[in-house]
Protein chains: 4
Amino acid sequence: MPSLRPAGVGLRTRLFQIIFESDTRLAKGFDLLLIGLILVSVAVVMLDSVAVLRARYGEGFRLLEWGFTLAFTAELGLRLYCLERPLRYLRSFYGVIDLLSILPTWLSLLIPGAQSLLVVRILRVLRLLRVLRLMEFIGEGTLLVQALRRSSRKILLFFSTVLMLVTIFGSLIYLIEPAEAGFTSIPKALYWAIVTLTTVGYGDITPITPIGQFISAMVMVMGYAILAVPTGVFSAEMIRSIREQHYSDEACPGCGHEGHERDARYCRRCGTWLDEETEDPRHHERGRDH
Amino acid sequence: MPSLRPAGVGLRTRLFQIIFESDTRLAKGFDLLLIGLILVSVAVVMLDSVAVLRARYGEGFRLLEWGFTLAFTAELGLRLYCLERPLRYLRSFYGVIDLLSILPTWLSLLIPGAQSLLVVRILRVLRLLRVLRLMEFIGEGTLLVQALRRSSRKILLFFSTVLMLVTIFGSLIYLIEPAEAGFTSIPKALYWAIVTLTTVGYGDITPITPIGQFISAMVMVMGYAILAVPTGVFSAEMIRSIREQHYSDEACPGCGHEGHERDARYCRRCGTWLDEETEDPRHHERGRDH
Amino acid sequence: MPSLRPAGVGLRTRLFQIIFESDTRLAKGFDLLLIGLILVSVAVVMLDSVAVLRARYGEGFRLLEWGFTLAFTAELGLRLYCLERPLRYLRSFYGVIDLLSILPTWLSLLIPGAQSLLVVRILRVLRLLRVLRLMEFIGEGTLLVQALRRSSRKILLFFSTVLMLVTIFGSLIYLIEPAEAGFTSIPKALYWAIVTLTTVGYGDITPITPIGQFISAMVMVMGYAILAVPTGVFSAEMIRSIREQHYSDEACPGCGHEGHERDARYCRRCGTWLDEETEDPRHHERGRDH
Amino acid sequence: MPSLRPAGVGLRTRLFQIIFESDTRLAKGFDLLLIGLILVSVAVVMLDSVAVLRARYGEGFRLLEWGFTLAFTAELGLRLYCLERPLRYLRSFYGVIDLLSILPTWLSLLIPGAQSLLVVRILRVLRLLRVLRLMEFIGEGTLLVQALRRSSRKILLFFSTVLMLVTIFGSLIYLIEPAEAGFTSIPKALYWAIVTLTTVGYGDITPITPIGQFISAMVMVMGYAILAVPTGVFSAEMIRSIREQHYSDEACPGCGHEGHERDARYCRRCGTWLDEETEDPRHHERGRDH
């Protein structure tokens with residue numbers, strides 16, 4: 001977020017450091033408080049959906065909800081206050097999430113019947129992404145993301161092939177199985193094919209004819225074996241990423257040996273000083289010896 | 001397809017480049033149009049199988065279908081026109097798919113009751129294979145295919161062992177469980193064994209006796225642990241394939257040996273200096289020796 | 001089978017080569033015939049268990065079965081004839097399987113009611129193991145078996161830990177869930193725990209209380225994440241086995257560079273002759289040059 | 001447990017070696033006896049929960065149970081006797097497990113109705129941990145644990161992302177599906193989302209609307225593909241751990257740096273010749289230079 005620099009020194013700068021950064025102790029405390037508030041507020045939304053709990057604690061939930069809404073509104077206000085271009089922030093991913101976290105409650109004042117809208121508040125979990133990104137996991141994350149990006153094209157190619165198989169086997173079973181078994185349309189048969197291929201196996205729609213069960217078994221074995229492909233691709237890329245993080249590409253200028261760890265200073269084979277741009281400190285010592 | 005060269009210069013050559021290749025902007029536009037047509041036409045076949053939608057939009061679906069059929073027929077005509085040996089194309093894999101995409105609709109004119117035949121139109125998805133092959137995924141694909149081919153024998157050997165286990169455990173459960181539980185025949189018990197071993201677990205046939213449930217649990221744990229084998233085999237081959245991407249295409253100037261690793265400086269077969277543009281450092285040393 | 005040498009030259013030796021080995025064309029033909037007979041005979045046992053088919057083709061199945069039994073009995077007779085110690089063979093794994101393949105049918109003559117015994121004939125599939133072992137898959141197999149043996153202890157340790165978890169979570173759910181949900185005893189709860197942890201999920205016993213469903217979800221996530229362990233262990237060992245098959249452990253005597261492919265003769269780094277026990281052929285050439 | 005040294009020589013020392021260690025033949029016999037007792041006692045707890053078996057063998061189970069309780073109490077007494085700080089042991093993990101193994105039975109004397117308490121005895125399986133730790137699996141275990149610890153943060157990061165997805169998709173399906181399908185509250189919808197994402201697929205709650213089934217299919221494919229991530233991460237770390245087994249324990253005689261690869265000849269930190277028993281070949285060369 002290079003364009004979100006603080007607007008000036010003083011209060012706004014300090015607020016920016018607390019709210020948007022995570023270096024100082026105060027900023028870390030703010031992050032933890034925010035995580036807590038988000039988790040509790042999401043839990044309240046969930047519990048509020050349980051009929052029994054709502055009947056008993058509905059009033060309390062509503063009070064808590066207003067507390068969270070006021071707190072998140074105040075937080076959003078502070079965020080906007082300490083930014084130079086608040087409107088630009090509101091249009092960013094995190095700005096939209098911040099708005100969606102408070103809007104449903106405020107709107108419920110105007111449109112009292114907008115019950116289903118309240119579920120949107122569950123999107124508050126996405127606010128955790130910001131805090132997590134700021135905190136300690138960044139190093140681990142980049143490694144994961146690098147491996148994912150590298151394998152994404154292979155996995156995409158693989159999944160489009162799988163989708164074709166799903167289409168063909170789904171249609172086949174639609175032809176073979178009677179409608180009583182639940183295969184009333186091709187989309188339903190595709191739903192069955194995905195349930196089977198991913199080895200989920202709800203059992204809400206199952207083949208009843210012998211041929212249908214045979215095709216079913218084929219789809220299962222395919223789904224079982226096919227799982228090896230995305231896993232193998234991702235494993236291979238993960239191993240490559242970890243190796244690249246730990247081993248240098250440079251060869252030893254003395255003997256050409258490769259695969260030195262990144263922090264190595266001397267070749268482990270021939271003892272040559274690896275960094276060609278600086279001088280070997282031993283030369284100095286050796287000079288003194290004579 | 002080396003035998004499918006265009007029949008002459010001019011219109012047919014240009015048509016060939018647009019339809020069969022993917023280099024020019026026009027050819028790419030044609031590919032995208034084709035992808036769109038295929039996807040929409042397959043979607044129509046699917047939606048047409050839903051009773052509610054058919055009742056309401058059946059007439060529209062039929063019109064659309066004729067549109068697609070005419071378009072695909074025209075495309076096939078153009079393909080055949082710009083080829084030297086059109087009959088040979090019709091007997092190739094893609095030719096058969098092209099025919100199967102349009103035949104059912106045309107046949108429905110002659111044999112009005114051939115309802116179930118219409119599902120064959122879903123095979124149109126296979127036409128996507130041609131377009132995908134032409135497009136950008138080729139590099140990624142060869143890597144995947146190479147790893148799959150290399151691991152195929154190991155995985156085949158593994159699966160034949162698994163099939164024996166399925167046969168034995170299926171027959172065992174057929175002996176133990178009563179017919180009321182659904183295990184009415186050995187083929188049915190094998191179906192159950194595959195449903196269980198692949199961890200799909202429909203639940204349409206489940207053991208009800210304690211011994212049957214114990215054997216069931218064994219099959220589950222086997223299926224769970226066994227999954228590691230194809231995954232491990234494919235992972236290992238994938239890593240080998242990625243590593244070998246680092247092999248150079250250059251042959252040794254001394255003995256013509258190929259498949260040197262990219263960082264190799266001397267041929268591993270005959271010891272010749274591989275980089276023809278610089279001088280072998282050993283010549284220098286040898287010179288000093290004399 | 002070093003003790004199973006042929007008893008003499010002539011007919012018995014030639015029979016031994018055909019039946020127990022797989023080098024000559026005749027022996028390969030015999031293997032293929034055997035595979036075919038085994039597969040068809042197992043298929044007949046399976047189909048015979050289907051009530052509808054038995055009612056219609058029962059007589060044919062019985063005739064076929066006697067054909068197979070006579071053929072397998074003749075084969076066993078020939079095997080025993082051309083061995084020096086036939087009794088020793090009968091007590092080996094393959095000998096027992098051979099006996100189990102024919103005994104049930106012969107016994108059905110004496111004890112006509114021994115219906116359930118006939119399922120034992122399905123063990124004929126195990127006879128495929130012998131043929132597969134003789135044929136082409138051996139190279140692939142040893143690699144698989146080596147990786148499996150190496151990872152077996154780690155995976156065993158892992159599974160004993162998993163079994164403890166299953167015991168504890170199974171007992172926990174037995175305490176929490178009412179008997180109406182199907183958790184009528186601890187063994188049944190353990191069956192549920194295995195069904196859930198292995199992600200099979202029959203759905204024949206499912207938790208109905210909120211706490212039970214929460215624990216359920218925990219077991220599922222554990223089972224989902226835990227799958228990574230055997231897979232990771234086996235992948236790692238497989239990669240090690242493949243690497244060891246392709247790369248030599250020896251370092252170059254000139255520069256100490258490692259990781260040469262097994263068929264390399266010169267170091268790819270410094271061009272040194274790798275095999276210290278023989279002389280570099282280039283020395284010869286160089287001598288001639290002068 | 002460095003603070004648990006034996007209190008004196010003689011009987012207590014010998015008891016300590018038998019009970020707490022695993023080197024002598026007597027100690028190994030004691031371990032095996034303990035494993036046997038634990039397994040049988042856990043089996044009795046399990047079988048005792050089966051109504052049919054309890055009705056028939058209830059009296060026998062109770063007698064056996066008292067036998068186990070007396071044996072385990074005696075064992076705990078001996079353990080405490082041969083330790084210098086018995087109270088400290090009682091507060092350790094294994095001490096608590098030992099207490100929990102015998103308390104329920106003793107308490108049942110005082111509070112006869114405490115039936116459900118008896119299930120606590122199943123925690124005796126945890127006592128196996130101690131024996132397993134002492135025995136042969138330690139080397140394999142540390143490798144597993146090291147790879148698990150290294151991948152734990154990446155997998156944790158991954159799972160928190162997955163939990164967000166579960167929350168969002170669970171709420172989405174709660175909005176879309178009617179309560180009749182079983183999605184009566186958000187927590188229930190989350191339970192469904194976990195059942196689906198982990199590919200368990202009980203089928204106790206399944207979507208019935210087409211849109212719900214479409215979202216369902218998306219969650220399944222996500223769960224199927226996502227499995228590759230923890231597996232890939234753990235595989236990669238496992239390979240790293242196996243490779244690092246090849247690290248030497250020896251420190252550099254020059255700078256004390258540790259963690260050299262086994263084939264290293266020079267310290268990668270300071271370039272010192274690592275093998276103290278032979279001479280650095282460079283000294284030779286250097287001598288010639290002067």
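Just so we're clear, the structure is a prediction, and the values are computed from it rather than from any experiment.

Rules and cut-offs
Here the residue numbering is sequential within each chain, running from 1 through the sequence in written order. For naming, the first written chain is A and the first written ligand is 1, with later ones following in the order written. Restriction of local features to residues with pLDDT of at least 70 applies here, the model being predicted, together with a cutoff of 80 or more for giving and counting side-chain atom pairs; totals for whole chains, interfaces and linings are based on all residues. In computing side-chain values, all of the structure's heavy atoms are included and hydrogens and water are not. Secondary structure elements are defined from DSSP: runs of H or I of at least 4 residues count as helices, runs of E of at least 2 residues count as strands, and each element is numbered from the N terminus. For each residue, the accessible area found with a 1.4 Å probe, counting protein chains only, is set against the maximum for its type, and the residue is called buried under 20%, exposed over 50%, and partly exposed in between. Residues count as neighbours in contact if any of their non-hydrogen atoms are within 4.5 Å of one another. Accessible surface is estimated by sampling points in the Shrake-Rupley manner with a 1.4 Å probe; for residues, cover comes only from the protein chains shown. Whenever a helix is involved, its axis is fitted only over the stretch in contact; in every case the axis is a line through C-alpha atoms, and angles between N-to-C directions fall within 0 to 180 degrees. If an angle is under 35 degrees, it is roughly parallel; if it is over 145, roughly antiparallel; if it lies from 65 to 115, roughly perpendicular; otherwise it is oblique. What marks off one domain from the next here is an automatic or database domain assignment. Within this analysis, patches are made of residues with over 30% relative accessible area and no salt bridge. Like charges are joined at 9 Å or less; nonpolar side chains (Val, Leu, Ile, Met, Phe, Trp, Tyr) at 5 Å or less. The working definition used for a salt bridge is a side-chain nitrogen of Lys or Arg within 4 Å of a carboxyl oxygen of Asp or Glu. UniProt positions are given in the numbering used here, feature names are shortened, and annotations may be inferred rather than shown by experiment. Any pair of nitrogen or oxygen atoms within 3.5 Å is treated as a polar contact; in protein, a donor-acceptor pairing is required on top of that, and neighbouring residues in sequence qualify only through side-chain atoms on both sides. Multiplying one less than the number of residues by 1.5 Å gives the expected span of a helix. Two rings belonging to Phe, Tyr or Trp (six-membered ring only in the last case) form a pair when the distance between their centres is within 6.5 Å. Interplanar angles under 30 degrees mark stacking, angles over 60 mark edge-to-face geometry, and anything in between is tilted. In this scheme, Lys NZ or Arg CZ marks a charge over a ring once it lies within 6 Å of the ring centre and within 35 degrees of the ring normal. Residue-level confidence of the predictor, termed pLDDT, takes values from 0 up to 100.

1. Quick notes on the overall build of chain A
Thought 1: When helices and strands are counted, chain A shows 11 helices and 0 strands.
Thought 2: Listed N to C, the secondary structure of chain A is α-α-α-α-α-α-α-α-α-α-α in terms of helices and strands.
Thought 3: Looking at chain A as a whole, 48% of its 290 residues are labelled buried.
Thought 4: In chain A, of all internal contacts separated by at least 6 residues, the share reaching a separation of at least 24 is 54%.
Thought 5: For chain A, the accessible surface area stands at approximately 14100 Å², while carbon and sulfur atoms represent 65% of it.

2. Thoughts on the packing of helix H9 (residues 210-226) of chain D against helix H10 (residues 228-244) of chain D
A packed helix pair is summarised by two numbers, namely the angle formed by the two axes and the spacing between the axes.
All names here are of chain D.
Thought 1: Interhelical geometry of H9 versus H10 gives an angle of 5 degrees and a closest axis separation of 5 Å. Taken together, H9 and H10 sit at an angle that is classed as roughly parallel. The residues of H10 that touch H9, namely those facing Tyr224, Ala225 and Ile226, are Ala228, Val229 and Pro230.

3. Considering the domain arrangement of chain A
Thought 1: Here chain A is described as being made up of domain 1 (9-138) and domain 2 (143-243).
Thought 2: Computed over C-alpha atoms only, the centres of domain 1 of chain A and domain 2 of chain A are separated by 38 Å.

4. Notes on a nonpolar patch on the surface
Residues and elements named next belong to chain A.
Thought 1: A surface patch of nonpolar side chains, amounting to about 520 Å² of accessible area, comprises Leu70, Trp106, Leu109, Leu110 and Ile111.
Thought 2: If one sorts the elements of the nonpolar patch by residue count, helix H5 (residues 93-110) sits on top with 3 residues.
Thought 3: Tracing the backbone through its elements, the reader meets Trp106 in helix H5.
Thought 4: On the basis of relative accessibility, which here comes to 30%, the residue Trp106 falls in the partly exposed class.

5. A few points about the UniProt feature "transmembrane region" (unreviewed entry) in chain A
Thought 1: In this structure's numbering, the residues bearing the UniProt feature "transmembrane region" (unreviewed entry) are residues 32-51, 63-81, 93-119, 155-177 and 214-236 of chain A.
Thought 2: Within the segment residues 32-51 of chain A, helix and strand shares are 90% and 0% respectively, and the terminal C-alpha atoms sit 31 Å apart.

6. Points about the side chain of Arg79 of chain C
Residue and element names in this part refer to chain C.
Thought 1: Structurally, Arg79 can be placed in helix H3 (residues 51-81).
Thought 2: Judged by relative accessible area, which is 1%, Arg79 ranks as buried.
Thought 3: Here Glu75 takes part through its side chain, which lies 2.7 Å from a polar atom of the side chain of Arg79.
Thought 4: Those residues within four positions of Arg79 in sequence are excluded, and the remaining contacts are Ile19, Phe20, Phe30, Leu34, Tyr89, Asp98 and Arg130.

7. Quick word on H9 of chain D
Thought 1: The end-to-end C-alpha distance of H9 of chain D is 24 Å, a good match for the 24 Å that 17 residues give at a rise of 1.5 Å each.
Thought 2: For H9 of chain D, every residue scored as buried is listed here: Gly212, Gln213, Ile215, Ser216, Ala217, Val219, Met220, Met222, Gly223, Tyr224 and Ile226 of chain D.

8. Observations concerning the packing of aromatic side chains
Thought 1: Tallying each qualifying case throughout the model produces 24 aromatic pairs over all chains.
Thought 2: Ring geometry for Trp66 of chain A and Trp106 of chain A: centres 5.0 Å apart, planes at 70 degrees, overall edge-to-face. Placement of Trp66 of chain A in helix H3 (residues 51-81) and of Trp106 of chain A in helix H5 is noted, with a sequence separation of 40 residues between them.
Thought 3: Three or more aromatic residues joined by ring pairs make a cluster, and in this case those are Phe16, Phe20 and Tyr89 of chain A.
Thought 4: Its end group placed over the ring of Phe20 of chain C, Arg79 of chain C keeps NZ or CZ at 5.0 Å from the ring centre.

9. Observations regarding the pattern of salt bridges
Thought 1: Summed over the entire model, instances satisfying the criterion amount to 36 salt bridges over all chains.
Thought 2: As a salt-bridge pair, Glu237 of chain A and Arg240 of chain A come within 3.1 Å of each other at their nearest N and O atoms. With a gap of 3 residues between them, Glu237 of chain A and Arg240 of chain A both fall in helix H10 (residues 228-246), about one helical turn apart.
Thought 3: The partner of Glu65 of chain C in a salt bridge is Arg124 of chain C, with the nearest N and O atoms 2.8 Å apart. With Glu65 of chain C in helix H3 and Arg124 of chain C in the loop between helix H5 (93-110) and helix H6 (127-134), the pair connects residues that are 59 residues apart, well separated along the chain.

10. Some details on unusual backbone geometry
Thought 1: Positive phi outside glycine occurs at Thr199 of chain A, with the angle close to 60 degrees.
Thought 2: Locating Thr199 of chain A in the fold gives a position in the loop between helix H8 (186-197) and helix H9 (210-226).

11. So, the environment of Pro112 of chain B
Thought 1: Following the sequence through the fold, Pro112 of chain B ends up in the loop between helix H5 (93-110) and helix H6 (127-134).
Thought 2: For the pair Pro112 of chain B and Leu34 of chain B, spaced 78 residues apart in sequence, the C-alpha separation works out to 28 Å.

12. What to know about the environment of Thr13 of chain C
Thought 1: Its place among the elements puts Thr13 of chain C in helix H1 (residues 11-20).
Thought 2: Distance from Thr13 of chain C to Leu83 of chain C, taken between C-alpha atoms, is 9.0 Å for residues 70 residues apart in sequence.

13. Focus on the packing of helix H1 (residues 11-20) of chain B against helix H2 (residues 25-48) of chain B
Residues and elements named next belong to chain B.
Thought 1: Where H1 meets H2, the closest approach of the two axes is 7 Å, and the angle between their N-to-C directions is 50 degrees. Put simply, H1 runs oblique to H2. Residues Gln17, Ile18 and Ile19 of H1 form the contact with H2, whose participating residues are Leu26, Ala27 and Phe30.

14. Some points on the environment of Ala236 of chain A
Residues and elements named next belong to chain A.
Thought 1: Inspection of the secondary structure puts Ala236 in helix H10.
Thought 2: For Ala236, a relative accessible area of 4% puts it in the buried group.
Thought 3: Residues Ala236 and Ala147 lie 89 residues apart in sequence; the distance between their C-alpha atoms is 8.7 Å.

15. So, the confidence of the model for chain A
Residues and elements named next belong to chain A.
Thought 1: Considering every residue of chain A, the mean pLDDT works out to 81; 79% of them sit at 70 or more.
Thought 2: When mean pLDDT is compared element by element in chain A, H8 scores highest at 94, while helix H11 (residues 281-289) scores lowest at 54.
Thought 3: Of the two predicted TM-score estimates for the complex, the pTM is 0.83 and the ipTM is 0.80.

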